[in-house]
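Given next are the chains, with one letter for each unit.
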Amino acid sequence: MPLTKNRVAKDDLLIGFWDIKESCDQLFEMVYPYLDETEMQQYRRLTHDRRRCEWLASRLLISTLLGKYQKVYYNQYGKPFIEENYNISITHSYDMAGVLLSKKKIVGLDVEKMNLRILKVEKKLLEEDEINEIKSDTKIQTLYVNWCAKEAMYKACGIREIDIKSNFRLEYFDYQNHGDVYGYITKGEYRKKLLMHYFEFDNYMVAWCAE
């Protein structure tokens, strides 16, 4: 069931989320009439039901946002694109699928379901000084903003062999349930500054960027 279908900025950005309540069989029946043989082969290679549901839901979501079915292609770096001249970012977490689309801008989107397990990986995600800056009363949410924002930046920049801990960094921010924060990508001579947007809903954290 699609949760949202709305513009998220003044330009041509579209963002949507699909709360996956359907079974794989139900989702497949909704998508099957539009799949060509290449897509069927892609689908058959997916062995886990959750991954199949994510694959199907993302395509239904793109169709919902654009009003017609669009085949998803992938470039040599695994970055998705569609033929309608839209830049696209796709994300999944548990029962949530998300899509961000833009004709004018390069986009990155990530959604993550929040739980206490983030505390076990904080040192893989952040440098020690970044961890020390986080306020204790919003630590879980702040860690998830960092995780989602870094993943979204990674999807937007399209660079391989890059480390989420050492090559990505967010400037200091006080967590609110939605907000903006600048993120920085550094690798060798490559430098990139991106304005990241984040918001929380239904125990999920979302971060996205467009430039």
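See the structure printed just above.
Residues numbered from 1 in each chain as written. Predicted model: local features only at pLDDT ≥ 70, side-chain atom pairs only at ≥ 80, totals over all residues. Heavy atoms only, no water.

## Here's the deal with unusual backbone geometry
So the rule is basically this: The way it works is that DSSP assigns letters per residue, a run of H or I at least four long becomes a helix, a run of E at least two long becomes a strand, and they are numbered from the N terminus. For every residue, the accessible area obtained with a 1.4 Å probe (protein chains only) is divided by the maximum for its type, and the residue is called buried under 20%, exposed over 50%, and partly exposed between those limits.
The backbone of Tyr94 shows a phi angle near 50 degrees, a positive value even though the residue is not glycine. Relative to the helices and strands, Tyr94 is located in the loop between strand S5 (87-93) and strand S6 (96-102). On the basis of relative accessible area, Tyr94 is assigned to the partly exposed category, the value being 28%. The phi dihedral of Asp202 is positive, around 50 degrees, even though this residue is not glycine. Along the chain, the position of Asp202 falls in the loop between strand S10 (190-201) and strand S11 (204-210). Given the relative accessible area of 59%, Asp202 is considered exposed.

## Focus: the pattern of salt bridges
The criterion, for reference: Just to be clear on terms, a salt bridge is a Lys or Arg side-chain nitrogen sitting within 4 Å of an Asp or Glu carboxyl oxygen.
Tallied over the entire structure, the rule returns 11 salt bridges. Residue Glu122 pairs with Lys139 through a salt bridge whose shortest N-O separation is 3.2 Å. In this pair, Glu122 sits in helix H4 (residues 122-125) while Lys139 sits in helix H6 (residues 139-157), placing the two residues 17 residues apart along the sequence. Glu130 is the partner of Arg169 in a salt bridge, and the nearest nitrogen-oxygen pair spans 3.8 Å. Here the residue Arg169 occupies a position in strand S8 (residues 168-170), and Glu130 occupies one in helix H5 (residues 128-133), the gap between them amounting to 39 residues. When its relative accessible area of 5% is taken as the criterion, Glu130 is described as buried. By sharing partners, the salt bridges in this structure join Asp129, Glu130, Lys150 and Arg169 into a single network.

## Topic: the nonpolar core
Test applied: Only buried residues count toward a nonpolar core. Its members are Ala, Val, Leu, Ile, Met, Phe, Trp, Tyr and Cys residues joined through side-chain atoms within 4.5 Å. Every residue pair with non-hydrogen atoms within 4.5 Å of one another is taken to be in contact.
If you look at the biggest cluster of nonpolar residues, it comprises 30 residues, and the most contacted ones within it are Leu170, Met196, Tyr198 and Met205. Those elements that provide at least two residues to this core are H6, S8, strand S9 (178-187), S10 and S11. Ranked by residue count, the leading element in this core is H6, at 10 residues. Excluding residues that lie within four positions of it along the chain, Met205 makes contacts with Asp110, Val111, Glu112, Met114, Gln141, Tyr144, Val145, Cys148, Tyr175, Tyr198, Phe199 and Glu200. Counting 29 residues, the second largest nonpolar core, distinct from the first, contains Tyr69, Tyr86, Ile88 and Val99.

## Description of the packing of aromatic side chains
Note the cut-off: Here is the rule: rings of Phe, Tyr and Trp (six-membered ring for Trp) pair when centre to centre is within 6.5 Å. Planes less than 30 degrees apart are stacked, more than 60 are edge-to-face, and the remainder are tilted. As a reminder, the over-ring test applies to NZ of lysine and CZ of arginine, requiring each to be within 6 Å of the ring centre and within 35 degrees of the ring normal.
The tally for this structure, following the rule as stated, stands at 12 aromatic pairs. When the centroid spacing of 5.7 Å and the interplanar angle of 50 degrees are considered together, the rings of Phe173 and Tyr198 count as tilted. Of the two residues, Phe173 sits in the loop between S8 and S9 while Tyr198 sits in strand S10, which places them 25 residues apart along the sequence. Given a relative accessible area of 4%, Tyr198 falls into the buried group. An aromatic cluster of at least three residues, connected via ring pairs, comprises Phe17, Phe199, Phe201 and Tyr204. When the ring centre of Tyr43 is taken as reference, the NZ or CZ atom of Arg52 above it lies at 4.6 Å.

## Remarks on a nonpolar patch on the surface
Threshold: Distance thresholds for patches are 9 Å for like charges and 5 Å for nonpolar side chains (Val, Leu, Ile, Met, Phe, Trp, Tyr), applied to residues having over 30% relative accessible area and no salt bridge. A 1.4 Å probe and the Shrake-Rupley method give the accessible areas. Residues count as covered only by the protein chains that appear here.
Taken together, the side chains of Tyr182, Tyr184 and Leu195 define a hydrophobic patch exposed on the protein surface, amounting to about 230 Å² of accessible area. Of note, Tyr184 is situated in strand S9. For Tyr184, a relative accessible area of 31% puts it in the partly exposed group.

## Re the sheet that holds S11
Stated precisely, the cut-off is as follows: Whether two strands pair depends on DSSP finding at least two bridges between them. Note on geometry: axes are C-alpha line fits, over the in-contact stretch for helices, and angles between N-to-C directions span 0 to 180 degrees.
Ordered in space as S7-S11-S10-S9-S8, the 5 strands form an open sheet in which the pairing is antiparallel. Each of the sheet's edge strands pairs with one partner strand only, and the pair in question is strand S7 (107-113) and S8. Sheet twist, expressed as the mean angle between neighbouring strand axes with direction ignored, is 25 degrees. Where S9 and S10 come together, 10 bridges link them in antiparallel fashion. The partner of Asp180 across the bridge, within S10, is His197. Across the sheet, H6 lies against S7, S8, S9, S10 and S11, angled at about 145 degrees from S7, the strand it touches most.

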